[in-house]
Amino acid sequence: MAVRKIKADKLFDGEKLLTGKIIVLDDEGTIVSIENDMQQDVACFQGILTPGFINCHCHLELSHLHGAIPKHTGLVHFLLAVLKLRNHEENMILDAIARQDALMYERGIVAVGDICNTTHTIARKKISKISYRNFVETMGFFPEIADARFTLAHTTLQAFEANEQHAAIVPHAPYSVSETLFRKINREAAGKIISIHNQETAEENKLFLGHPGGFENFYKQLGADISFFVAPFKNSLQAYLPLLANAKKILLVHNSFTSEEDVAFAETFAMEKNIALYWILCPNANLYIEHTLPDVEVFIKYKCKLAIGTDSLSSNDELDVLSELRTLKQHFPSISTERLLQMATCEGASALGFSGLGRIESGKKPGINLVDENLNLIKKIT
Ligand SMILES: [Zn+2]
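Residues numbered from 1 in each chain as written. Predicted model: local features only at pLDDT ≥ 70, side-chain atom pairs only at ≥ 80, totals over all residues. Heavy atoms only, no water.

(A) Region of interest: the overall build of the protein. In terms of helices and strands, the protein carries 14 helices and 15 strands. Its C-alpha atoms give the protein a radius of gyration of 21 Å, within 12% of the compact-globule value 21 Å for 382 residues. Along the longest, intermediate and shortest principal axes, the C-alpha atoms of the protein span 75 × 45 × 40 Å. Considering the protein as a whole, with its 382 residues, one finds that 56% of them fall into the buried category. Considering only intrachain contacts with a sequence separation of at least 6, the fraction spanning at least 24 residues in the protein is 73%. For the protein, the accessible area works out to roughly 15900 Å², and carbon and sulfur atoms hold 50% of it. (Helix = DSSP H or I, 4+ residues; strand = E, 2+ residues; numbered from the N terminus. Rg over C-alpha atoms; globule rule 2.2 N^0.38 Å. Buried < 20%, exposed > 50% of the residue type's maximum accessible area, 1.4 Å probe, protein only. Contact = heavy atoms within 4.5 Å. Areas by Shrake-Rupley, 256 points an atom, 1.4 Å probe, with all protein chains shown as cover.)

Encoded structure:
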């Protein structure tokens, strides 16, 4: 077996930044061993070697909406625009999916947690070099349509499973899923990874606290009356999280308006129910839509599991995990490079359940990237 030895100024193994180490790889990119640097025939690079990156939240099927929706209009306007614009000619949708899947791979991304409302991405995923965890999204705020929506989600789920694509049915967001639909999802959630858009806008908490706000207007514009909804008079997360108690893992995505009390509540609840809870940060999308960011220091204070998502190209200029890290570094300079890289690698891999990815360890084939100190990609090594 031919082996290749590489080293750089630093090695980030998924957890720690190390110096004086070399990686021994076989010709398929599997790590044979990590050894001390006192050897011949080692290819040397300037920068930091890292495991391949994990994008925990994407909507690949919306890639054709790149640049279609104006920035900083708020989530309610954004959602109405997506509903209006998402249907395009199928060829255009499929071309954009293929292009962005290839681009993510070139940017050092090896695994993606992808939200799916359609089956458009299946063909590309079957030949992709990226590993996908598919989250088939369901929504419906009116309890009487829960059965129909859940049946529809099952049809999409079966299409993914028939093509050997791992998939699970997940709720869209607290403001778009009825308690009846939450209970149906939870009934099938045992052993599964559930993902949900959480507290992406202040309007979501207002709805759950019984304050007037943007979602009445949202539903009115869709021709619907939500006066039936009885507010639980607590922040959304505290109201709906108990409805997902059967899940093995829950990925809370965005968290821009999550309070410290919400974090404490969710972490305690998850511990009691033996749920692995991950907070997925999508800073570029938060700046794009709401021009805001989550209070990341609170999550660090509570030692939360943190990972990174790009969201879709309808709310981001690029699907690039490193770009998300650079945004976090710029706005939260106290967070170390080591901590940021953990979010983009080992914690992301663990959130999506890819045990062979996210760490540079013998026997794993995580993909290897070379980045500079400012978290720009120099090149993809394997
Ligand atoms: Zn999203």
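Further notes follow.
(B) Representation of the coordination of the zinc ion. Looking at the zinc ion, the protein donor atoms are H57 (NE2), H59 (NE2), H197 (NE2) and D311 (OD), and they sit 2.1 to 2.4 Å from it. Taken together, the 4 donor atoms coordinating the zinc ion span angles of 86 to 169° at the metal, a pattern that classifies the geometry as irregular. Positions of the donor residues of the zinc ion along the chain correspond to the pattern H-x1-H-x137-H-x113-D. With H197 in strand β10 (residues 193–198) and D311 in the loop between β13 (305–308) and α12 (321–331), this pair connects stretches of sequence that are 114 residues apart. For the pair shown, H197 and D311 are each scored as buried. (Donors = N, O, S within 2.8 Å, 3.2 Å for Na, K, Ca; no water. Tetrahedral: all angles 85-135°; square planar, octahedral: opposite > 155°, others 65-115°.)

(C) Molecular detail of the UniProt feature "domain: Amidohydrolase-related" (unreviewed entry) in the protein. The UniProt record marks residues 48–373 with the feature "domain: Amidohydrolase-related" (unreviewed entry), using the residue numbering of this structure. Helix makes up 41% of residues 48–373 and strand 17%, with an end-to-end C-alpha separation of 7 Å. (UniProt positions renumbered as here; feature names shortened; annotations may be inferred.)

(D) Layout of the pairing of strand β7 (residues 109–116). Burial analysis of β7 places 8 of its 8 residues in the buried class, which makes it a mostly covered element. Pairing of β7 with strand β8 (residues 131–138), which is carried by 6 bridges, proceeds in the parallel orientation. Within β8, the position partnered with C116 by the bridge is V136. Note on the crossover from β7 through helix α3 (residues 122–127) to β8: the handedness is right-handed. (Pairing = 2+ DSSP bridges. Right-handed = clockwise from strand over helix to strand, strands pointing away.)

(E) Spatial organisation of the sheet that holds β8. The strand order across the open sheet formed by 4 strands is β6-β7-β8-β9, and the pairing between neighbours is parallel. Every interior strand has two partners, whereas the edge strands, β6 (53–58) and β9 (167–171), have only one. In this sheet, neighbouring strand axes are inclined to one another by 20° on average, regardless of whether the strands run parallel or antiparallel. Both β8 and β9 contribute to a ladder of 5 bridges, which runs parallel. (Axes fitted to C-alpha atoms, helices over the stretch in contact; angles between N-to-C directions.)

(F) Seen up close, the nonpolar core. Formed by 88 residues in total, the largest nonpolar core has its most connected members in M104, Y240, L252 and W279. Two domains each provide a minimum of three residues to this core, namely domain 1 (1–51 + 358–382) and domain 2 (53–354). By size, the runner-up hydrophobic cluster in this structure holds 22 residues, among which are L75, V76, F141 and I226. (Core = buried A, V, L, I, M, F, W, Y, C linked by side-chain atoms within 4.5 Å. Domains from an automatic or database assignment.)

(G) Looking closely at the side chain of T327. Looking at the secondary structure, you find T327 in helix α12. Of the polar contacts made by the side chain of T327, one reaches the side chain of N284; its length is 2.5 Å. Not counting the four nearest positions on each side in its chain, T327 is found in contact with P283, N284 and L287. (Polar contact = N/O pair within 3.5 Å; in protein donor to acceptor, adjacent residues only side chain to side chain.)

(H) How the structure looks around the domain arrangement of the protein. Domain boundaries in the protein define domain 1 (1–51 + 358–382) and domain 2 (53–354). Domain 1 and domain 2 are separated by 32 Å when their C-alpha centres are compared. Across the contact, 19 residues belong to domain 1 and 18 residues belong to domain 2. Interface area, domain 1 with domain 2, both sides summed: about 1600 Å², of which 66% is carbon and sulfur. Where domain 1 touches domain 2, the interface holds 6 residue pairs in polar contact (both at pLDDT 80 or more). Contributions of two or more residues to the side of domain 1 that touches domain 2 are made by β5 (42–51), β14 (368–371) and β15 (377–380). Classifying every residue of the side of domain 1 that touches domain 2 gives 7 nonpolar, 7 polar and 5 charged. (Buried area = accessible area lost by both parts, 1.4 Å probe. Nonpolar A, V, L, I, M, F, W, Y, C, P; charged D, E, K, R; others polar.)

(I) Focus on the packing of aromatic side chains. According to the stated counting rule, one finds 12 aromatic pairs in the structure shown. Between F142 and F228, the ring centres sit 5.3 Å apart and the planes meet at 45°, which makes this aromatic pair tilted. Residue F142 is located in the loop between β8 and α4 (146–162), and its partner F228 is located in the loop between α7 (214–221) and α8 (236–240); the two are separated by 86 residues in the primary sequence. Looking at F142, the relative accessible area reads 18%, which means it is buried. The exposure class of F228 is partly exposed, given its relative accessible area of 35%. For the ring pair F215 and F218, a centre distance of 5.8 Å and an interplane angle of 85° mean the geometry is edge-to-face. A residue pair is termed a helical-turn pair when its members lie 3 or 4 positions apart in one helix, as F215 and F218 do in helix α7 at 3 residues. (Phe/Tyr/Trp six-rings, centres within 6.5 Å; stacked < 30°, edge-to-face > 60°.)

(J) Structural context of unusual backbone geometry. Look at F233: it is not a glycine, yet its phi comes out positive at around 60°. Its location among the elements puts F233 in the loop between α7 and α8. Owing to a relative accessible area of 61%, F233 belongs among the exposed residues under this scheme. Positive phi outside glycine occurs at D311, with the angle close to 60°.

(K) Local environment of the environment of L222. By the element assignment, L222 lies in the loop between α7 and α8. L222 gets classed as partly exposed once you look at its relative accessible area, which sits at 45%. For the pair formed by L222 and L83, sequence separation is 139 residues and the distance between their alpha carbons is 9.9 Å. Non-local contacts of L222, meaning those with residues more than four positions away in its chain, are made with L80 and L83.

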